[in-house]
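# Structure at a glance
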Amino acid sequence: MPRRNIKDYQDIIRLPHPVSKDRPHLSMQERAAQFSPFAALTGYDDAVKETARLSEEQMRLSEAYLPGCPDEVSLH
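Residues numbered from 1 in each chain as written. Predicted model: local features only at pLDDT ≥ 70, side-chain atom pairs only at ≥ 80, totals over all residues. Heavy atoms only, no water.

### Topic: the overall build of the protein
Across its full length, the protein holds two helices and zero strands. Taking all 76 residues of the protein together, the buried fraction comes to 1%. (Helix = DSSP H or I, 4+ residues; strand = E, 2+ residues; numbered from the N terminus. Buried < 20%, exposed > 50% of the residue type's maximum accessible area, 1.4 Å probe, protein only.)

### Regarding the pattern of salt bridges
One side chain can pair with another of opposite charge once the charged atoms of both are near each other. Under the definition given, this model contains two salt bridges. Ionic pairing is found between Glu50 and Arg53, a salt bridge with its closest N-O pair at 2.7 Å. Of this pair, Glu50 and Arg53 are both found in helix α2 (residues 44-64), three residues apart, which corresponds to roughly one turn of the helix. Among the residues examined, Arg53 registers a relative accessible area of 43% and is labelled partly exposed. Close ionic contact of Arg53 with Glu57 constitutes a salt bridge, the shortest N to O distance being 3.2 Å. With a gap of four residues between them, Arg53 and Glu57 both fall in helix α2, about one helical turn apart. Using a relative accessible area of 33% as the deciding quantity, one classes Glu57 as partly exposed. (Salt bridge = Lys/Arg side-chain N within 4 Å of Asp/Glu carboxyl O.)

### Digging into a nonpolar patch on the surface
Where nonpolar side chains cluster on the molecular surface, the patch consists of Ile6, Tyr9, Ile12, Ile13 and Leu15 and spans about 470 Å² of accessible area. Looking at the secondary structure, you find Tyr9 in the segment before α1 (28-33). Taking relative accessible area as the criterion, Tyr9 reaches 35% and is therefore assigned partly exposed. (Patch = residues over 30% accessible without salt bridge, like charges linked within 9 Å, V, L, I, M, F, W, Y side chains within 5 Å. Areas by Shrake-Rupley, 256 points an atom, 1.4 Å probe, with all protein chains shown as cover.)

As structure tokens, this is what we get:
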């Protein structure tokens, strides 16, 4: 793709920003909501955190029972 130059936009650079006559202006929150994660991923973060928590717990338990482990791991 060729690199663009500011001269490519000289015909539109000074035009006023378009404002819709049919639709109201969106608030900052409404505009930000357009970029929020897709709804199908709802709960995904919670699932990842739970998996990480379980993995960390399993790792701690495994390390606590390693034979000959010089540092005894406390489970409390």
